[in-house]
Structures are given as structure tokens and as C-alpha cells.
There are 2 protein chains.
Amino acid sequence: MSTKLSDLHTPCFLVDLQKVQQNCDHMIETCRKLNIKLRPHTKTHKTIEAAILQTKGSKRCIAVSTLAEAEFYAENGFDDILLAYPITADKINRCLALTIKLQKFHVMVSGLEGLECLETHAQFLPKEKFWSLFLDIDVGYGRTGFLWDGGDILDAAVRVNNNSLQLRLEQLYVHCGNSYGVKTSSERIKLQETNIHRLQQLQKRLMNYGFNCTYGVGSTPTCSLPIEDNKVLAEFHPGNYVFYDYMQHLFGSCRESNIACRVMTRVIAHKPEKNIIVVDCGWMALGLDGKMERPLDFCLIQGENNLRLLDMTQEIGKIVAKEGELDCRLYPVGMILYIIPFHSCCTSSLHAEYQIHNGDDVVATWKPVRGW
Amino acid sequence: MSTKLSDLHTPCFLVDLQKVQQNCDHMIETCRKLNIKLRPHTKTHKTIEAAILQTKGSKRCIAVSTLAEAEFYAENGFDDILLAYPITADKINRCLALTIKLQKFHVMVSGLEGLECLETHAQFLPKEKFWSLFLDIDVGYGRTGFLWDGGDILDAAVRVNNNSLQLRLEQLYVHCGNSYGVKTSSERIKLQETNIHRLQQLQKRLMNYGFNCTYGVGSTPTCSLPIEDNKVLAEFHPGNYVFYDYMQHLFGSCRESNIACRVMTRVIAHKPEKNIIVVDCGWMALGLDGKMERPLDFCLIQGENNLRLLDMTQEIGKIVAKEGELDCRLYPVGMILYIIPFHSCCTSSLHAEYQIHNGDDVVATWKPVRGW
């Protein structure tokens, strides 16, 4: 007999296999139509299984957020892996091993220090190997990367050119994380246009130095809702779209029904005198990202629009009614509720395994890689 | 050659072994002086090694927050384990197995539904076994438990009495989580007095029914700074004191130098035009508990009082100066910084292993149990 959702211990992290499949296929189709290469990011799920769906089985061309992910995927037959994280000296030995092991391993350079550290360690590369570089470009997000209109990026380009045996420029990489800060679709479109315009200007500047660069962008909001201008891009590298979440739904990146992950929880007690039902989902199972920005409504309780997860401690959540009184008899102890998280990257990171289901049947368990 | 802190990959979770030892010994001594049994809670660290220090090697008499912890400790030679979490039907089979396996396994009953579910499953207990009960009492925190002045607790007592072969009342259990809500030591003392006064009144009411109950309380702020009245208690069950954290320091539970855990991080980039240094510690390594309440200062950067962790994304933190400009040359790429977390229970939960150090030497790796 197959395991049913109701057989599972709570709290647990549920992943709807059909929805993940649909989300992955849809992004592949979006890229196909735009004629852009998809380099899916694995940071949201960190599993072999979802990365296989993201790459339609090829196990080629992914972006990862940690060295632990890079090594995990490399050990499991993946190749053409970009460590989409600023390279620093403390990571160089593990990156060297990956460069030697894989056909294609790419490091991301976010500043001249990063380049210098690659130059210093280039002597340890085997003869046929070189550092394959993605240059991290800051077109306005302001987190990491070469300023798109600064001088350092030109210095970097010249230095790469002067050492073309050991350093090869693969692409300019932009994470438009500021797409998470805009409120409307017209603002988002404007942001995308600005980003591309700036990349094109940088491309022209680099051409004057003899570089013909391609460039790619990430972020699920921009890739889920691409604009025509995106056709000039070489790569998309979104990650969150695999699961989506309430935040993406609020951005308009997806419908509520596209969200592929939930936390399953049970009612464990009532506090009728306080109009509260207590569930076995605290911040240990759901996480807290988004709670500061949306203290009242940072998650959804599926199918229960009048319920609100008001507060959490480590292992306990308190649910109240948004309006009117809560009759606890409608939510008996033992009843299962499903919470749609605000940020799936945060929620998934708290779970050592994901319960994969097809409708009501639990069909698999996926184990993500953790650590750094 | 021994591994040094500076050899470690970042971000990572550091635990100062001497400080943990001191914190554990100090709590043992506090309880000895008050003549109170210490039942340390393991939820903050979830490791075998720290639980051994908490129990001074006896491996007896602990409280845990999840069934996964209970099973982990039971498999590793611990006994006299309290699952300090409301018992519900979905957990009953695993609790039954623990009751059979251990000399002493205690379940916590937070309402009449919990009691009913134990009664229903009592038939599966072997002859010599019984359900050992801690009754969860709400003396004002308002999360879970029988109201101290309500009628349900009396019903529960009578029902336990009527089935004394299968149900044995071990203790009244109070988690005074509201001690986390008070701002001053006089308020905290008043809260402790109120809690004890209410427990004494409940004890009297129960005595009228023929019950002579002992009772215990938890929460690190109240146990770290006990009052004379606490001598009437049977047990203390604090947990956080093993590591302490910035929150406890703000409460006055400990000095900054007692805090035994930190996240080690490295500078990975600069944004001089924004007066920012970028580190490899995002919310994936530090967590977000406390950020809503203290958006600006929810953690400390050890020894760098003018630095502030302003903002985090998944794997990246942005550090700014509280006053004046930040000269990035003082914090070169690669430099190590230590972040003292707001809530160690939250931060530790994000790490699959802890790096244990004695001064600058890494002396062990502890692996916590995860899941539910």
C-alpha cells in the first residue's frame, strides 16, 4: 500500500511532483521561444531530482550557490556547473579540484581581488585546463559585482585578455535581485529594460577593447515574465521557479496554483479563550523570511482564507481568524493544514528531506545537500 | 597538525567548548544550591556531546522538543527523557515504542484531547509499563497547556487517578516563555513570583482532590537568574543556556563573554561607493529570528562595535558602519569576522555540523539531529 499524505509525520515539507514538472517544463519552453540558453539555478531545492527536471535529464548547464552544491552535483554526474558566488582565496582549492574533475566548471568573479586570486593559483591548473569565468556585473542591484559603468570591469577584461591561456571569459553575469523590490509589472518591465540597456552599453565598451561578450541574467520574476528585449541575452539562470512561493505569487510571477511546495502541519491544541488554534509548525519548519516585511500575512493557509498564522515559536504556530471568532470545533486536534510559505528557498533549507507527492500519494523522498 | 579556526570554510557555526562547559557547570551548580533537579532541554543544540555536558555524563533526565530528538537520545544511551511537546494521536506509536524501550520516558499532556489519546492507546502498553505524564500548565504564557485556574486540569487529574495503572502523573510542567517578553529584572522577578504563586494555588486545588504534585519550570532567563521562591520547584528545564546568545545577553541572563556560539564569516567583497563590506553569511547561516523585533541590531559583530549587519540575502550579508564612513581597506577580502547570533536555537538549526573549538584549535565536530 502506498503512503498517503495523511500518514506523514508533521511538520514536513511537501513537494507536488506534477507542479514541479510543469514549472520546469514551462521555463524550458520560455527559453526555447526566446532562443536563450537556460542555466537553471539549484539553490532553491538543492536536490539531484529537481535538477534533473530543470535540465530535462541532460544534467548539464546549471548554476549553484555553494561549493557544497557544486561538489554534490559533480559527484552525481552533472557537468557545466557555474558556482554563482564570488570567488575568494579560501575557496580556490576546492574550485581547482572541480575544474580538474569536470569538463566545464565556471567560477564567478565579482571584483579585481577575485581575479587576482585566480591568477595567483593558475599555476596549479593542469596544462589543458583554464579558469572559465563569469564576470559578476552590478547593473544596479548593489550587492556584489563590477559596476557596469565603472573602470574595474575594463581592467578585468584587459587582464583576462593578457592571460588568455589560463583565464577565459565565458559570460557577463547579472543577478537582478532588485526585481524583488519592485511593486508593479510596469516597474518590473522598466527595470528589465534598464538592465539590458546597461548591459548593452557595457558590451559596447568592452567591444572597444576587443571583447565580444555574451551576457545572462537571473531572478525568477524577470525570467518568469520575460520581455521581448530579453532575446539579446545568452542565458537565463532563474532558480526559485522550481517551487515558486507566496512571494513570487505576490510579484505576479505565478498563479497560486503553480506553487509546488507546502509545509504540512497538524492542529495540536486549542486556546478557545484566546481564539487561537495551535499547530505543530514553528519557525523551525517554516522559516521567518518575509515576516519582517509582512508581519501579518507572510504566508497562506491553503484553502482557509480567513485563517492567519499570527505567530510562531520554535516548534509551535498560532493560528487566528482574520475576521470574526474562530470556532475551534471546526479545526479539531489532529486536523491537517497546509501552509504555503513566503519564501520557498528559506523554508526548504530547514528540511533534511522533502516528501514528494502525486496527488494524495507520497511517491518519493528527496534529500537536499546542505552546508557550504 | 591541528586544524585552526582560520582553516575552516565559511560560513560555519562555531562552539567554544570551554564556554559550553562553564555554562553547563554553572547551571548544575545553580540547581544544586537551590536543591532543584535539573532536567536540561536539548532543543538548542540537539547533540549527544552537549547533552552529556548538560547531564554531567549521567545521560539521564533531559527534556527534548521533537520525537526525532527523543529517538536520537534513546538510541545513544540516554534515559529519563521528557518529550516536552503536546502529545497527539499522530505521535502515539513512536511514543509507545520509546516507553517500551526506555526505563523512563515521559509524555506531555496539554489538554484533555491528549489525555484521551493516551487512554485510548494504553491497551498497547506492556503489563509493567505505563504512560508517565507531565501536565503542561499555562500560568499566563498563553501558548499551550491546561489553564492553571481552569476546570480541565481538575478533570484531567481525576481521570489520571481513575486509571492509575496506566497513567501516572509525574509532574506539572510550566514553560514560562513569557519571561522572554519582559524588559527589566524587576518585571522578570515579578513574573517568576506570579508563576510560582499560581502553581502553588493549583497545587492546593489538586491537593483537595488527593493529588500531591511537584512542579517544574523552564526558560533560560528564569533559570539563569533564579529567585529564592524557586526552591519550592522540583525541576528546572532550561535549554538555551548551553550556548546563550545576544537575546539572552540583552535580557541580562548572561554576560557577552558567556555566549558560546558564533557564526564565522569572511569578507568576500567591498562596495566602497555604498560604504558596505560584503560577507559570506546570509540568512541561510545566521537565521532571521529577532530581525523583526530589532531590524537594525539583531546581532553583534564580535569586537567590532561600530559595525552592523544591515541586511542579508540567502548567502550574503552586508555590513555597514553605525557611524562615520567605512574604510574597506581595514576589512580586506578574506578577513574573518565573528557574528554573535540573536537566537542560538535558530542559528544552530541551520547547520548540519558545529565546529567545536578550544581557543584557536578546532577540536571536534558535533552533528545535531534534525527533523521531527
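As the structure is a prediction and not an experimental result, all values here were calculated from the model.

(A) Geometry of the overall build of chain A. From N to C terminus, chain A includes 11 helices and 18 strands. The C-alpha radius of gyration of chain A comes to 22 Å, within 12% of the 21 Å expected for a compact globule of 372 residues. In terms of overall dimensions, chain A has C-alpha extents of about 75 × 45 × 35 Å along its principal axes. Across the 372 residues of chain A, 61% fall into the buried class. Across chain A, contacts joining residues at least 24 apart in sequence account for 67% of those joining residues at least 6 apart. Counting every atom, chain A has about 14,400 Å² of accessible surface; 49% of that belongs to carbon and sulfur. When the 40 basic and 42 acidic side-chain charges of chain A are each reduced to a single mean position, those positions are 2 Å apart.

(B) Region of interest: a negative patch on the surface. Residues and elements named next belong to chain A. Taken together, the side chains of Glu 113, Glu 116, Asp 152 and Asp 155 present a region of like negative charge at the surface. Elements that contribute at least two residues to the negative patch include exactly helix H5 (112–121) and helix H6 (152–162). In this structure, Asp 155 sits in helix H6.

(C) View of helix H7 (residues 185–207) of chain A. Residue and element names in this part refer to chain A. In this model H7 runs 33 Å from its N-terminal to its C-terminal C-alpha over 23 residues, within 8% of the 33 Å that 1.5 Å per residue would give. Within H7, burial applies to Arg 188, Leu 191, Gln 192, Asn 195, Ile 196, Leu 199, Leu 202, Gln 203 and Leu 206. Contacts from the buried residues of H7 go to strand E6 (131–138), H6, strand E8 (167–174), strand E9 (215–218), helix H8 (220–224) and helix H9 (246–251).

(D) Summary view of the environment of Asn 76 of chain A. All names here are of chain A. Mapping Asn 76 onto the fold places it in the loop between helix H3 (67–75) and strand E4 (79–86). By relative accessible area, Asn 76 is classed as partly exposed at 31%. Taking the C-alpha atoms as reference, Asn 76 lies 7.5 Å from Ile 48; in sequence the two are 28 residues apart. Contact partners of Asn 76, with chain neighbours within four places excluded, come to Ile 48 and Lys 59.

(E) Just the packing of helix H5 (residues 112–121) of chain B against helix H6 (residues 152–162) of chain B, in detail. Residues and elements named next belong to chain B. Between H5 and H6, the shortest axis-to-axis distance is 10 Å and the interhelical angle comes to 15 degrees. One element, H5, and the other, H6, form an angle in the roughly parallel class. The way H5 lies across H6 gives a crossing that is left-handed. Contact with H5, carried on its side by Leu 112, Leu 115, Glu 116 and Glu 119, involves Asp 152, Asp 155, Ala 156, Arg 159 and Val 160 of H6 and no other residues of that element. Within the contact of H5 with H6, the residues separate by chemical class into four nonpolar, no polar and five charged.

(F) Here's a closer look at the pattern of salt bridges. All names here are of chain B. Enumeration according to the criterion identifies 36 salt bridges over all chains in this entry. Lys 46 is the salt-bridge partner of Glu 69, the closest N and O atoms lying 3.2 Å from each other. Here Glu 69, found in helix H3 (residues 67–75), pairs with Lys 46, found in the loop between strand E2 (37–38) and helix H2 (48–54); they are 23 residues apart in sequence, far enough to count as distant. Both residues of the pair, Glu 69 and Lys 46, belong to the buried class. The closest approach of N and O atoms between Arg 329 and Asp 327, which form a salt bridge, is 2.5 Å. Looking at Arg 329, the relative accessible area reads 70%, which means it is exposed. By relative accessible area, which is 30% here, Asp 327 ends up partly exposed.

(G) Spotlight on the interface of chain A and chain B. At the interface, 51 residues of chain A touch 51 residues of chain B. Interface area, chain A with chain B, both sides summed: about 4,700 Å², of which 63% is carbon and sulfur. At the junction of chain A and chain B, the tally comes to eight salt bridges. The partner of Asp 138 of chain A in a salt bridge is Lys 271 of chain B, with the nearest N and O atoms 2.6 Å apart. Counting across the chain A and chain B interface gives 14 residue pairs in polar contact (both at pLDDT 80 or more).

(H) Representation of the relation of the copies chain A and chain B within the structure. Overlaying chain A on chain B yields an RMSD of 0.0 Å, the required transformation being a rotation through 180 degrees with an accompanying axial translation of 0.0 Å. The relationship between the two copies is best expressed as a two-fold rotation axis. For chain A, the minimum C-alpha distance to the rotation axis belongs to Met 292 of chain A and amounts to 2.3 Å. In this assembly, 100% of the residues forming the interface of chain A have copies in chain B that are likewise at the interface, indicating an isologous arrangement.

(I) Highlighting the nonpolar core. With 232 residues, the main nonpolar core has Ile 81, Trp 131 and Ile 137 of chain A together with Ile 81, Trp 131 and Ile 137 of chain B as its most contacted residues. Setting aside residues no more than four positions away along its own chain, Ile 137 of chain A makes contact with Phe 146, Trp 148, Ile 153, Leu 172, Tyr 173, Val 174 and Leu 202 of chain A.

(J) Highlighting the state of the cysteines. All names here are of chain A. Applying the stated criterion across every chain, the model contains zero disulfides over all chains. Looking at Cys 261, it has no disulfide partner, and the nearest cysteine sulfur is the one in Cys 345, 8.9 Å off. Summary of cysteine pairing: Cys 346 is not part of a disulfide, and the nearest cysteine sulfur, belonging to Cys 345, is at 8.5 Å. When its relative accessible area of 7% is taken as the criterion, Cys 346 is described as buried.

(K) Geometry of unusual backbone geometry. Here the amide bond leading from Thr 10 of chain A into Pro 11 of chain A is cis, since omega sits at -5 degrees, within 30 degrees of zero. As for its position among the elements, Pro 11 of chain A is in the segment before strand E1 (12–16). The phi dihedral of Lys 46 of chain A falls on the positive side, at around 60 degrees, and the residue is not glycine. A positive phi is found at Cys 61 of chain B, a non-glycine position, where the angle reads about 70 degrees.

(L) Structural view of the environment of Ile 276 of chain A. Residues and elements named next belong to chain A. Following the sequence through the fold, Ile 276 ends up in strand E12 (residues 276–279). Residue class for Ile 276 comes out buried when judged on its relative accessible area of 7%. As a C-alpha pair, Ile 276 and Gly 334 span 58 residues in sequence and 15 Å in three-dimensional space. Setting aside anything within four residues of it in sequence, one finds Ile 276 in contact with His 270, Lys 271, Lys 318, Ile 319, Val 320, Leu 326 and Cys 328.

(M) Expanded view of the packing of aromatic side chains. Across all of its chains, the model carries 12 aromatic pairs over all chains by this definition. Between Phe 134 of chain A and Tyr 173 of chain A the ring centres are 6.3 Å apart and the planes differ by 70 degrees, which places this aromatic pair in the edge-to-face class. Here Phe 134 of chain A, found in strand E6, pairs with Tyr 173 of chain A, found in strand E8; they are 39 residues apart in sequence, far enough to count as distant. One exposure class covers both Phe 134 of chain A and Tyr 173 of chain A, and it is buried. One aromatic cluster in this structure is built from Phe 13, Phe 243 and Tyr 354 of chain A. Above the ring of Phe 130 of chain A, the side-chain terminus of Arg 168 of chain A is found at 4.0 Å from the ring centroid. Lying over the aromatic face of Tyr 338 of chain B, Arg 262 of chain B brings its terminal NZ or CZ to 4.3 Å of the ring centre.

(N) Spotlight on the pairing of strand E8 (residues 167–174) of chain B. Residues and elements named next belong to chain B. Where strand E6 (residues 131–138) and E8 come together, six bridges link them in parallel fashion. Directly across from Phe 134, in E8, lies its bridge partner Gln 171. Pairing geometry for E8 and strand E9 (residues 215–218), over three bridges, is parallel. Across the sheet, Leu 172 pairs through a bridge with Tyr 215, a residue of E9.

Analysis parameters
Residues numbered from 1 in each chain as written. Chains lettered and ligands numbered in written order. Predicted model: local features only at pLDDT ≥ 70, side-chain atom pairs only at ≥ 80, totals over all residues. Heavy atoms only, no water. Helix = DSSP H or I, 4+ residues; strand = E, 2+ residues; numbered from the N terminus. Rg over C-alpha atoms; globule rule 2.2 N^0.38 Å. Buried < 20%, exposed > 50% of the residue type's maximum accessible area, 1.4 Å probe, protein only. Contact = heavy atoms within 4.5 Å. Areas by Shrake-Rupley, 256 points an atom, 1.4 Å probe, with all protein chains shown as cover. Lys, Arg positive; Asp, Glu negative; His and termini not counted. Charge placed at Lys NZ, Arg CZ, Asp CG, Glu CD. Patch = residues over 30% accessible without salt bridge, like charges linked within 9 Å, V, L, I, M, F, W, Y side chains within 5 Å. Salt bridge = Lys/Arg side-chain N within 4 Å of Asp/Glu carboxyl O. Expected span 1.5 Å × (residues − 1). Axes fitted to C-alpha atoms, helices over the stretch in contact; angles between N-to-C directions. Parallel < 35°, antiparallel > 145°, perpendicular 65-115°, else oblique. Left-handed = near helix turned anticlockwise from the far one by under 90°. Nonpolar A, V, L, I, M, F, W, Y, C, P; charged D, E, K, R; others polar. Buried area = accessible area lost by both parts, 1.4 Å probe. Polar contact = N/O pair within 3.5 Å; in protein donor to acceptor, adjacent residues only side chain to side chain. Least-squares fit on C-alpha atoms with pLDDT ≥ 70 in both. Core = buried A, V, L, I, M, F, W, Y, C linked by side-chain atoms within 4.5 Å. Disulfide = S-S within 2.5 Å. Phe/Tyr/Trp six-rings, centres within 6.5 Å; stacked < 30°, edge-to-face > 60°. Lys NZ or Arg CZ within 6 Å of the ring centre and 35° of its normal. Pairing = 2+ DSSP bridges.

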